[in-house]
Amino acid sequence: YYQILDSRSRDEYVGKTINTALDGSPLKPGHMPGAFNVDYRLNWTDQDSKAIKPYAELLRLYSRLDPGKAVITYCHSGRRSSFSYFVLRLMGFEDVILYDNSWQEWGKADMLYPVDASDNQPKSKAPSGSISQGIPIPSKEDKLTCNALDGFHTLARGNHVQHFTRIDRRQS
């Protein structure tokens with residue numbers, strides 16, 4: 001029913017980079033078993049502007065996900081995966097869940113949750129039922145844009161606003 005998306009860096013995913021808990025203790029290396037890795041930074045056209053990639057590129061980036069199944073996103077603390085959550089919702093995924101405690105909880109040494117450090121990335125083309133087959137690729141006239149203005153995100157297709165979200169700008 002669900003699939004797991006790890007939004008951390010590749011090195012964190014395979015256990016080369018070890019995260020630490022809030023108390024400074026090391027967390028387990030690796031990722032949740034069965035999780036796929038898409039570093040949240042891959043959603044951007046470049047690191048400076050952090051503009052979201054065009055819709056067709058996002059479809060390729062998330063081509064392994066099945067739009068008919070729920071997606072659970074996680075990272076180290078929930079911040080990076082919240083961006084992946086946002087992008088998946090913009091793309092039309094309806095059942096996206098953010099695991100708030102993320103690796104801070106799952107990766108604790110005293111937790112008995114299973115951990116995998118293998119490379120779970122598929123090497124073959126997208127399976128049937130993947131997002132590239134489940135969500136239509138827009139035409140050239142049907143551009144997906146995301147703008148942040150005065151603390152609001154809007155998603156527009158052509159000249160029509162499809163989505164409007166208030167951003168909480170409180171300091172964390």
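In case you missed it, the structure is sitting above this.
Conventions we followed
- Numbers given to residues run from 1 along each chain, matching the order in which its sequence is written.
- The model is predicted, so local features are restricted to residues of pLDDT at least 70 and side-chain atom pairs to those at 80 or more, both for listing and for counting; the totals for chains, interfaces and linings are taken over all residues.
- For the side-chain quantities, the full set of heavy atoms in the structure was used; hydrogens and water were omitted.
- Helix and strand definitions follow DSSP, with helices as H or I runs of at least four residues and strands as E runs of at least two, each counted in order from the N terminus.
- Throughout this description, buried means an accessible area under 20% of the type-specific maximum (1.4 Å probe, protein chains only), exposed means over 50%, and partly exposed covers the range between.
- Centre distance within 6.5 Å is the pairing criterion for rings of Phe, Tyr and Trp, where only the six-membered ring of Trp is used; planes under 30 degrees apart are then read as stacked, over 60 as edge-to-face, and the remainder as tilted.
- Note on criteria: charge over ring means Lys NZ or Arg CZ within 6 Å of the ring centre, with the direction from the centre no more than 35 degrees off the ring normal.

A. Seen up close, the environment of Leu42. Within the secondary structure, Leu42 is located in the loop between strand S2 (36–37) and helix H2 (55–61). By relative accessible area, which is 40% here, Leu42 ends up partly exposed. In the structure, Leu42 is positioned eleven residues away from Lys53 in sequence and 8.4 Å away in space, judged by C-alpha atoms.

B. Local environment of the packing of aromatic side chains. This model, assessed by the stated rule, comprises six aromatic pairs. Between the aromatic rings of Trp44 and Phe83, the centroid separation amounts to 6.1 Å while the plane-to-plane angle is 70°, which identifies the pairing as edge-to-face. Of the two residues, Trp44 sits in the loop between S2 and H2 while Phe83 sits in helix H3 (residues 79–91), which places them 39 residues apart along the sequence. Members of the aromatic cluster, each reached through a chain of ring pairs, are Tyr40, Trp44 and Phe83. Looking at Lys50, its charged tip hangs above the ring of Trp44, at a distance of 4.9 Å from the centre.

C. Representation of unusual backbone geometry. One non-glycine residue, Lys50, lies in positive phi territory at about 60°. Relative to the helices and strands, Lys50 is located in the loop between S2 and H2. Here the phi dihedral of Ser102 falls at roughly 40°; this positive angle occurs in a residue that is not glycine. Here Ser102 falls in the buried class, since its relative accessible area comes to 0%.

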